[in-house]
Amino acid sequence: MVRIGEGIEVKDELIKKACNLAMEAHNLSSGKPYIYKKKSGSNMDAVFGFAGTWSLDGWYSSTSFGETKINITLFPSLRSVGTDEVAMVNEAFARRFEEILNNSSFKNEVEKAMSDGKQIVFAGHSSGGPIAILAALWCLEYCRTRPNDNLVYPYCMTFGSPLVGDRIWSHALRRENWARYFIHFVMKYDAVPRMMLAPLSSIQEWVQAIFAFINPKSQYYQHEAVARSSDASNFFLTVMRSASSVASYAACNLKGCTNLLLETVSNIVQLSPYRPFATYVFCNGNGKLVVVENPDAVLQLLFYSSQMNSEAEAAVVVARSLNEHLLYRNEMQESLEMQDVVCLNNLTDIPLSSNVIPSDEVATMNSALNDLGLSTRARLCLRAAGEWEKRKKKNEEKIDLNKKNIVDGLSKIQEYQTKCDIQKVGYYDAFKLQETIDDFNANVKRLELAGIWDEIIEMLKRYELPDSFEGRKDWIQLGTQFRRQVEPLDIANYYRHLKNEDTGPYMIRARPKRYRFTQRWLEHAERVQTGARSESCFWAEVEELRNKPFAEVQNRVLSLETNAWSWFQTSLLGGDVFFPESTFAKWWKTLPTQHRSASWISGQINS
């Protein structure tokens, strides 16, 4: 058992402040989008509490679930780097945040608090939660562009917040090591954190009654008749049916189910794209707290912790689900005083039976799981989430063992390049000719390295490696070295066999993902635009230009020369490019005299 502050690395007092301000913002009558409270002196906190909205268009937009692609300009990190898949976000929530960012003093207040070294906390209750989440993400992106400013990274705390984004969120935030800054508190039966798992069409008939109950400005605010109405019952049960579909589908994937019926059903039934991310703290309603960081486990808990044991219990649970949504302040006060906290870190050790008590540690865990009402089936799903996480780590350990083979292979390629330089034949042209045993051996190494990297890329595409992998500096550096040394050989092989005549240009039709992925890793790490680190593709562009009339490709030639200057100055392009018999030099000498005389390349060719 641990204190809540130890489990999530946040002071209890800060959690209490965030909750109080989030609930205060929920009850705002002024129409302001947020409340900002700051302390000075020894207490350097700056807390922003965001108000919610109770109109339907403030929750859903035109699609069934109201999702859209995230504004990648505001949130460049919210994507899968290798696949370049952009995260989805609830459009209504994103629109509200951007309105606050553009039409209020919010941006200036945040930047001032950061420059003052304050600990910023973004807090939100109900639909104020997604705005707090987006505000924290925007702030983290701001911090990422100023790595040397010694900024204090912000926290985000939500209370009864609906889901806001898809699975890419968890992947991206873990890669950036930002997941630790987000903490979501959820009551056991609160329907709002689960409602985005249901399409609007299924709950539209009843949702206005639910909004009326939780809206402080409504005449039906906390009206007991609403909590016990058929509208509330239908809403809760429909949300839970959708949650069941999403959780079951996810659990089957975690368990490695290959049943074709599963895929067929997923194509017929539209499942919610929304998924949890970062740390969740489940409040049992009795002062006890359960902390979970595995997003797959959180999804299962969102469904299984709200189960009812009988029809007689249903009416009580439905009413409780609405009331609980408004009780976070009281619940946090009680929980922080009790400090009865269990962190589900070792999911594979979860006991399947509620009666087995083999040790004090497992007994404590079992007690927390019993309080959440978890069945054996639920516990199996949590174990599956833990096993999937373990499998990803084992895959990472496996490919880490290949690092030596990659380094050795690149060393052999470097030796080959050096030999070619001594003979005044660039290694690109030597490899293209394939006239010596050295060329043959270099090709063997190229294929060996390609096999290792293709296996890594396939794992990444299937999300079979830890989310943090694409952010690892050692692999970014190794991937960059591999791309710069080996891709020219792939290009040489492609044009040697005239594959472009059948397939088309290398860059458009044939560039392997092992080079696309590793280039994107570097571009993301260095925060440069896509395509800015394309130096390994120099020869592909040369091959495409050299058989075309100059007048037709003049602008592309000028662009290539500009890029080549930058690459040559930073040693990313070697002097072998300018050897008299190189493919590049032979082609460049055929360009119009007027163009050549004005180019920096003429000096290199002549020397």
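Criteria and thresholds
- Residues take numbers from 1 onward in each chain, read along the sequence in its written order.
- Local features in this predicted model are restricted to residues of pLDDT 70 or higher, and side-chain atom pairs are both shown and tallied only at a pLDDT of 80 or more, whereas totals for entire chains, interfaces and linings draw on every residue.
- Just so you know, side-chain values use all the structure's heavy atoms and leave hydrogens and water out.
- Here, the term nonpolar core denotes a set of buried Ala, Val, Leu, Ile, Met, Phe, Trp, Tyr and Cys residues that are joined through side-chain atoms within 4.5 Å.
- Remark: exposure states derive from per-residue accessible area (1.4 Å probe, protein chains only) relative to the maximum for the residue type, with buried under 20%, exposed over 50%, and partly exposed in between.
- In this text, helices come from DSSP runs of H or I with a minimum length of four residues, and strands from runs of E with a minimum of two, each type numbered from the N-terminal end.
- Any two residues whose heavy atoms approach within 4.5 Å at even a single point are treated as in contact.
- UniProt positions are given in the numbering used here, feature names are shortened, and annotations may be inferred rather than shown by experiment.
- The term salt bridge refers to a pairing of a side-chain nitrogen on Lys or Arg with a carboxyl oxygen on Asp or Glu at a separation within 4 Å.
- A pair of strands is considered paired only if DSSP assigns at least 2 bridges between the two.
- For helices, the fitted line uses only the C-alpha atoms of the stretch in contact; every axis is such a line through C-alpha atoms, and the angle between N-to-C directions lies from 0 to 180 degrees.
- For a helix, the expected span equals 1.5 Å multiplied by the number of residues minus one.
- Aromatic rings from Phe, Tyr and Trp, with only the six-membered ring used for Trp, were paired whenever their centres fell within 6.5 Å, and each pair was classed as stacked if the ring planes differed by under 30 degrees, edge-to-face if by over 60, and tilted otherwise.
- Placement of a charge over a ring requires the Lys NZ or Arg CZ to be within 6 Å of the ring centre, with the centre-to-atom vector within 35 degrees of the ring normal.
- For this classification, under 35 degrees means roughly parallel, over 145 means roughly antiparallel, 65 to 115 means roughly perpendicular, and everything else is oblique.
- Charged residues are taken to be Asp, Glu, Lys and Arg, nonpolar residues to be Ala, Val, Leu, Ile, Met, Phe, Trp, Tyr, Cys and Pro, and polar residues to be all remaining types, Gly included.
- The patches reported here contain residues having more than 30% relative accessible area and no salt bridge. Joining distances are 9 Å for like charges and 5 Å for nonpolar side chains (Val, Leu, Ile, Met, Phe, Trp, Tyr).
- All accessible-area figures derive from a Shrake-Rupley calculation using a 1.4 Å probe, and residue coverage is judged against the displayed protein chains alone.

The chain appears in an unreviewed UniProt entry as Enhanced disease susceptibility 1 from Datura stramonium.

Draft legend 1. How the structure looks around the nonpolar core. Within the largest apolar cluster, 142 residues are counted, with the highest numbers of intra-cluster contacts made by Phe50, Phe106, Phe122, Trp169, Phe182, Met195 and Phe282. Per element, the largest residue contribution to this core is 12 residues, and it comes from helix H5 (residues 128-144). Discounting chain neighbours no more than four positions away, the residues touching Phe106 are Tyr34, Phe48, Phe50, Phe97, Ile100, Leu101, Phe122, Ala135 and Trp138.

Draft legend 2. The arrangement of the environment of Leu498 in detail. Examined against the element boundaries, Leu498 turns out to sit in the loop between helix H19 (473-496) and helix H20 (500-503). The class for Leu498 is partly exposed, based on a relative accessible area of 45%. Taking the C-alpha atoms as reference, Leu498 lies 48 Å from Cys143; in sequence the two are 355 residues apart.

Draft legend 3. Molecular detail of unusual backbone geometry. Even without being a glycine, Lys424 presents a positive backbone phi close to 60°. As for its placement among the helices and strands, Lys424 is situated in the loop between helix H16 (403-422) and helix H17 (427-433). Positive phi outside glycine occurs at Tyr463, with the angle close to 55°. Judged by relative accessible area, Tyr463 falls into the buried class, the value being 17%.

Draft legend 4. Quick look at the UniProt feature "domain: EDS1 EP" (unreviewed entry) in the chain. This chain's UniProt record puts "domain: EDS1 EP" (unreviewed entry) on residues 412-599. Counted over residues 412-599, helix gives 68% and strand 0%. Its end C-alpha atoms are 35 Å apart.

Draft legend 5. A look at the pattern of salt bridges. Applying the stated criterion across every chain yields a total of 36 salt bridges. Between Arg484 and Glu535 there is a salt bridge whose closest N-O contact spans 2.8 Å. In this pair, Arg484 is assigned in helix H19 and Glu535 in the loop between helix H22 (513-525) and helix H23 (538-545), connecting sequence segments 51 residues apart. A salt bridge links Lys586 to Glu581; the nearest nitrogen and oxygen atoms lie 3.4 Å apart. Given a relative accessible area of 46%, Lys586 falls into the partly exposed group.

Draft legend 6. Molecular detail of the sheet that holds strand S7 (residues 119-125). The 8 strands are arranged S1-S2-S7-S8-S9-S10-S11-S12 in an open sheet whose pairing can be described as mixed. Each of the sheet's edge strands pairs with one partner strand only, and the pair in question is strand S1 (34-38) and strand S12 (340-343). Averaged over all neighbouring strand pairs, the angle between strand axes comes to 20°, with direction disregarded. The pairing of strand S9 (residues 182-187) with strand S10 (residues 279-283) spans 5 bridges and is parallel. Pairing of Met187 across the sheet is with Cys283, part of S10. In the packing of helix H13 (residues 328-338) onto the sheet, the strands contacted are S7, strand S8 (155-159), S9, S10, strand S11 (288-292) and S12, and the crossing angle to S9 comes to about 105°.

Draft legend 7. Seen up close, H5. End to end, H5 covers 25 Å across 17 residues, agreeing with the expected 24 Å (1.5 Å per residue, within 8%). Within H5, 17 of the 17 residues are buried, leaving the element largely enclosed by the surrounding structure.

Draft legend 8. Inspection of the packing of aromatic side chains at higher detail. Enumeration according to the criterion identifies 42 aromatic pairs in this entry. The interplanar angle of 5° and the centroid separation of 4.2 Å between the aromatic rings of Tyr36 and Phe48 together place this pair among those described as stacked. With Tyr36 in strand S1 and Phe48 in strand S2 (residues 45-50), this pair connects stretches of sequence that are 12 residues apart. With a centroid separation of 5.8 Å and 65° between ring planes, the pair formed by Phe50 and Phe106 is classed as edge-to-face. Of the two residues, Phe50 is situated in strand S2 and Phe106 in helix H4 (residues 106-115); the sequence distance between them amounts to 56 residues. Put simply, the rings of Tyr34, Tyr36, Phe48, Phe50, Phe75, Phe97, Phe106, Phe122, Trp138 and Tyr142 pair up and form one aromatic cluster. Arg146 extends its terminal NZ or CZ atom over the ring of Tyr142, reaching a point 3.8 Å from the ring centre.

Draft legend 9. Region of the structure containing the environment of Asn215. Tracing the backbone through its elements, the reader meets Asn215 in the loop between helix H7 (200-214) and helix H8 (224-227). With a relative accessible area of 13%, Asn215 lands in the buried category. Taking the C-alpha atoms as reference points, Asn215 and Ala430, separated by 215 residues in sequence, lie 74 Å from one another. Once residues lying within four places of it in the same chain are set aside, the contact partners of Asn215 are Trp54 and Tyr221.

Draft legend 10. Spatial organisation of the packing of H19 against H23. Two elements in contact, H19 and H23, have axes separated by 8 Å at closest approach and are oriented at 25°. Judged by the angle between their axes, H19 and H23 are roughly parallel. On H23, the residues that touch Pro488, Ile491 and Tyr495 of H19 are Trp539, Ala540, Glu543 and Glu544. Among the residues making up the contact of H19 with H23, the classes are represented as 5 nonpolar, no polar and 2 charged.

Draft legend 11. Looking closely at a nonpolar patch on the surface. Taken together, the side chains of Ile437, Phe440 and Val444 define a hydrophobic patch exposed on the protein surface, amounting to about 280 Å² of accessible area. Along the chain, the position of Phe440 falls in helix H18 (residues 437-461). Accessibility expressed as a relative area gives 49% for Phe440, which makes it partly exposed.

Draft legend 12. Expanded view of H18. A rise of 1.5 Å per residue sets the reference length of H18, with its 25 residues, at 36 Å; its end C-alpha atoms lie 36 Å apart and thus fit the reference within 8%. Buried residues of H18: Asp439, Ala442, Asn443, Arg446, Leu449, Ala450, Ile452, Trp453, Ile456, Ile457, Met459 and Leu460, and no others. Considering only its buried residues, H18 is in contact with helix H15 (376-400), H16, H17, H19 and H22.

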